[in-house]
Amino acid sequence: MTYHPKSDFIAVMMERGFLADCTDYQGLDEALMKGAQPGYIGFDATAKSLHVGSLIQIMMLRWLQKTGHRPITLMGGGTTKVGDPSFRADERPLLSPEAISDNIAGIKRVFSAYVDYSDAPNGALMLNNAEWLDDLNYLDFLRDIGRHFSINRMLSFESVKSRLDREQSLSFLEFNYMILQAYDFLELHRRYGCILQLGGSDQWGNIVNGVDLTRRVIDGEVYGLTSHLLTTADGRKMGKSQSGAVWLDAEMVSPYEFWQYWRNTMDADVGRFLKLYTEMPLDECDRLGALQGSEVNEAKIKLANEVTTLLHGAEAAAAAEATAREVFERGGVGDDLPTLTLSTGDIGDGISIVQLIVKSGLAKSGKEAKRLIAENGAKLDDAPLTNAGLMIDAAALSSPIKLSAGKKRHALVQLG
């Protein structure tokens, strides 16, 4: 599609590679030219933090604010009680209200690194859809809202269709999710004048439902815009590493581990990720993305520093880079490595090296740790580790030891 946008926000979305689809490019573009406009993304509170897989949406909200508009971070305190069935093979486990509340508190901390919740005309809002969903009268809701939804049309959406095509159960509870998400858009337009819902392309059906419902019920002119669902060059989902999800909360994934995730980006992804996850000028992203051979490592370090600075601050990024250089270039220990602290009670008469590798997060199981050792992928203090039966006692931990899995993953083990 060839469209030449007038608004800064649409231009950024197109130029930096965010844009997958939009319900009405021209209509949204013209609406964004009329002053600060509210736009939102909904995030269900299924964990205590968001992970890197959500970062593309968070960056969209950040750019919305940077181009003069008002981001709304909508927490799904209500919809989390139902669970989004989109492209899932099974039903989400249901969470208690207390767990949902705890998760929302954790997610709020992440958002404040990316958007400004101030009293400025484009200051961000943090809202919770439980505010309008918790007290809905079911019969009134069916009569006033449910009548606008066609079951035939809902069955045609890819997120539902793919589930049914595989003959996997879709509960009535989950089927209601898309109606509730559409109702969120209607309420946000009524209460806050919100004209835009953003999301990943897997949310397209839900977003279109919200646009249609708002037009049908209150004749509101609203729009939907989606980003691509990103995978890495080798086909993996964004946000997953060898040791699990790459969370955005520093208590769940340390700034060093977060930095290292980006430093380990595949060569083919560097230019694309610089455009999506940093605010560097486009020509500089292109220049760094085109580097070859050993030079591309400096581009990866730049990517890691920029992304880590946005989330954790410049000091954390600098400390992570210093640790990485100490570990990789000079074979040292580094001050910022993930650290496992054990008590003498934990060690007792001795603890196996296999257990230490698992406890430090370098392997998910004893079987994986043993395979790592057998394949010469493990090191102890930078020396090859060949004995899977090795026992470590308290005396061996009189000073910290460094464990390594491959060339890029390291951890310290110390006595507390």
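The structure we're discussing is the one just above.
Here is a short report on the structure shown in this document. (Residues numbered from 1 in each chain as written. Predicted model: local features only at pLDDT ≥ 70, side-chain atom pairs only at ≥ 80, totals over all residues. Heavy atoms only, no water.)

1. Points about the overall build of the chain
Consideration 1: When its secondary structure is counted, the chain shows 19 helices and 15 strands.
Consideration 2: Taken over the C-alpha trace, the chain has a radius of gyration of 24 Å; the compact-globule value for 416 residues is 22 Å, and the two agree within 12%.
Consideration 3: With respect to the three principal axes, the spread of C-alpha positions in the chain is 75 × 45 × 45 Å.
Consideration 4: Burial status across the chain gives 50% buried among its 416 residues.
Consideration 5: Of the roughly 19,200 Å² that the chain leaves accessible, carbon and sulfur atoms contribute 49%.
Consideration 6: With 43 positive and 55 negative side-chain charges, the chain shows a separation of 3 Å between the mean positions of the two kinds. (Helix = DSSP H or I, 4+ residues; strand = E, 2+ residues; numbered from the N terminus. Rg over C-alpha atoms; globule rule 2.2 N^0.38 Å. Buried < 20%, exposed > 50% of the residue type's maximum accessible area, 1.4 Å probe, protein only. Areas by Shrake-Rupley, 256 points an atom, 1.4 Å probe, with all protein chains shown as cover. Lys, Arg positive; Asp, Glu negative; His and termini not counted. Charge placed at Lys NZ, Arg CZ, Asp CG, Glu CD.)

2. A short note on the sheet that holds strand β4 (residues 125-128)
Consideration 1: Pairing is mixed in the open sheet, where six strands are placed in the order β1-β6-β5-β2-β3-β4. The open sheet has two edge strands, β1 (19-22) and β4, and neither has a second partner. Averaged over all adjacent pairs, the angle separating strand axes in this sheet is 25 degrees, with direction ignored.
Consideration 2: Sheet contacts for helix α11 (residues 204-218): β1, β5 (196-200) and β6 (223-227); angle to β6, the most-contacted strand, approximately 170 degrees. (Pairing = 2+ DSSP bridges. Axes fitted to C-alpha atoms, helices over the stretch in contact; angles between N-to-C directions. Contact = heavy atoms within 4.5 Å.)

3. What to know about the sheet that holds strand β11 (residues 378-380)
Consideration 1: Overall, mixed pairing links the five strands, which are arranged β9-β15-β14-β11-β12 in an open sheet. Two strands close off the open sheet at either side, each with one partner strand: β9 (339-342) and β12 (383-384).
Consideration 2: Bridge count between β9 and strand β15 (residues 409-415): four bridges; the pairing is parallel. Its bridge partner lying in β15, L340 is registered against V413.

4. Concerning the packing of helix α13 (residues 270-277) against helix α14 (residues 282-289)
Consideration 1: Look at α13 against α14: their axes get within 7 Å of each other, and the N-to-C directions meet at 155 degrees. With respect to α14, the element α13 is oriented roughly antiparallel. Viewed along their axes, α13 and α14 form a crossing whose handedness is right-handed. Two secondary-structure elements touch here, α13 through V270, G271, L274 and K275 and α14 through L282, C285, D286, L288 and G289.
Consideration 2: Split by residue class, the contact of α13 with α14 holds five nonpolar, two polar and two charged. (Parallel < 35°, antiparallel > 145°, perpendicular 65-115°, else oblique. Left-handed = near helix turned anticlockwise from the far one by under 90°. Nonpolar A, V, L, I, M, F, W, Y, C, P; charged D, E, K, R; others polar.)

5. Structural notes on unusual backbone geometry
Consideration 1: Non-glycine residue D219 carries a positive phi angle of around 55 degrees.
Consideration 2: Along the chain, D219 falls in the loop between α11 and β6.
Consideration 3: Of note, the phi angle at N376 is positive, near 60 degrees, even though the residue is not glycine.
Consideration 4: Here N376 shows up in the loop between α19 (366-374) and β11.
Consideration 5: Under the relative-accessibility criterion, N376 is labelled exposed at 62%.

6. Digging into the packing of aromatic side chains
Consideration 1: Per the stated rule, a full pass over the model turns up eight aromatic pairs.
Consideration 2: Judged by centre distance (6.1 Å) and plane angle (70 degrees), the ring pair of F258 and W262 falls under edge-to-face. Separated by four residues within a single helix, F258 and W262 lie in helix α12 (residues 255-263), roughly one turn from each other.
Consideration 3: With a centroid separation of 6.1 Å and 80 degrees between ring planes, the pair formed by W262 and F273 is classed as edge-to-face. Of this pair, W262 sits in helix α12 while F273 sits in helix α13, and the two are 11 residues apart along the sequence. When sorted by exposure, W262 lands in the same class as F273, which is buried.
Consideration 4: Among the aromatic residues, those joined into a cluster by ring pairs are F258, Y261, W262, F273 and Y277.
Consideration 5: When the ring centre of W63 is taken as origin, the NZ or CZ atom of K66, which lies over that ring, is 5.7 Å away. (Phe/Tyr/Trp six-rings, centres within 6.5 Å; stacked < 30°, edge-to-face > 60°. Lys NZ or Arg CZ within 6 Å of the ring centre and 35° of its normal.)

7. Points about the pairing of strand β3 (residues 70-75)
Residues in a regular strand point their side chains to alternate faces of the sheet.
Consideration 1: Along β3, five of the six residues are buried, which leaves the element largely enclosed by surrounding structure.
Consideration 2: Here strand β2 (residues 38-43) pairs with β3 via six bridges, running parallel. In the strand pairing of β3, I41 is matched with T73.
Consideration 3: The sheet contact formed by β3 and β4 spans four bridges and is parallel. Within the sheet, the bridge partner assigned to M75 lies in β4 and is N128.

8. Quick look at the pattern of salt bridges
Consideration 1: Enumeration over the complete set of coordinates arrives at 18 salt bridges.
Consideration 2: Note that R215 and E221 form a salt bridge whose closest N and O atoms lie 3.3 Å from each other.
Consideration 3: Using a relative accessible area of 44% as the deciding quantity, one classes E221 as partly exposed.
Consideration 4: Between K302 and E306 there is a salt bridge, and its shortest N-O distance comes to 3.3 Å. A residue pair is termed a helical-turn pair when its members lie 3 or 4 positions apart in one helix, as K302 and E306 do in helix α15 (residues 296-312) at four residues.
Consideration 5: Classification of E306 as partly exposed rests on a relative accessible area of 26%.
Consideration 6: Among the ionic contacts, a cluster of salt bridges with common partners joins E131, E187, R190 and R191. (Salt bridge = Lys/Arg side-chain N within 4 Å of Asp/Glu carboxyl O.)

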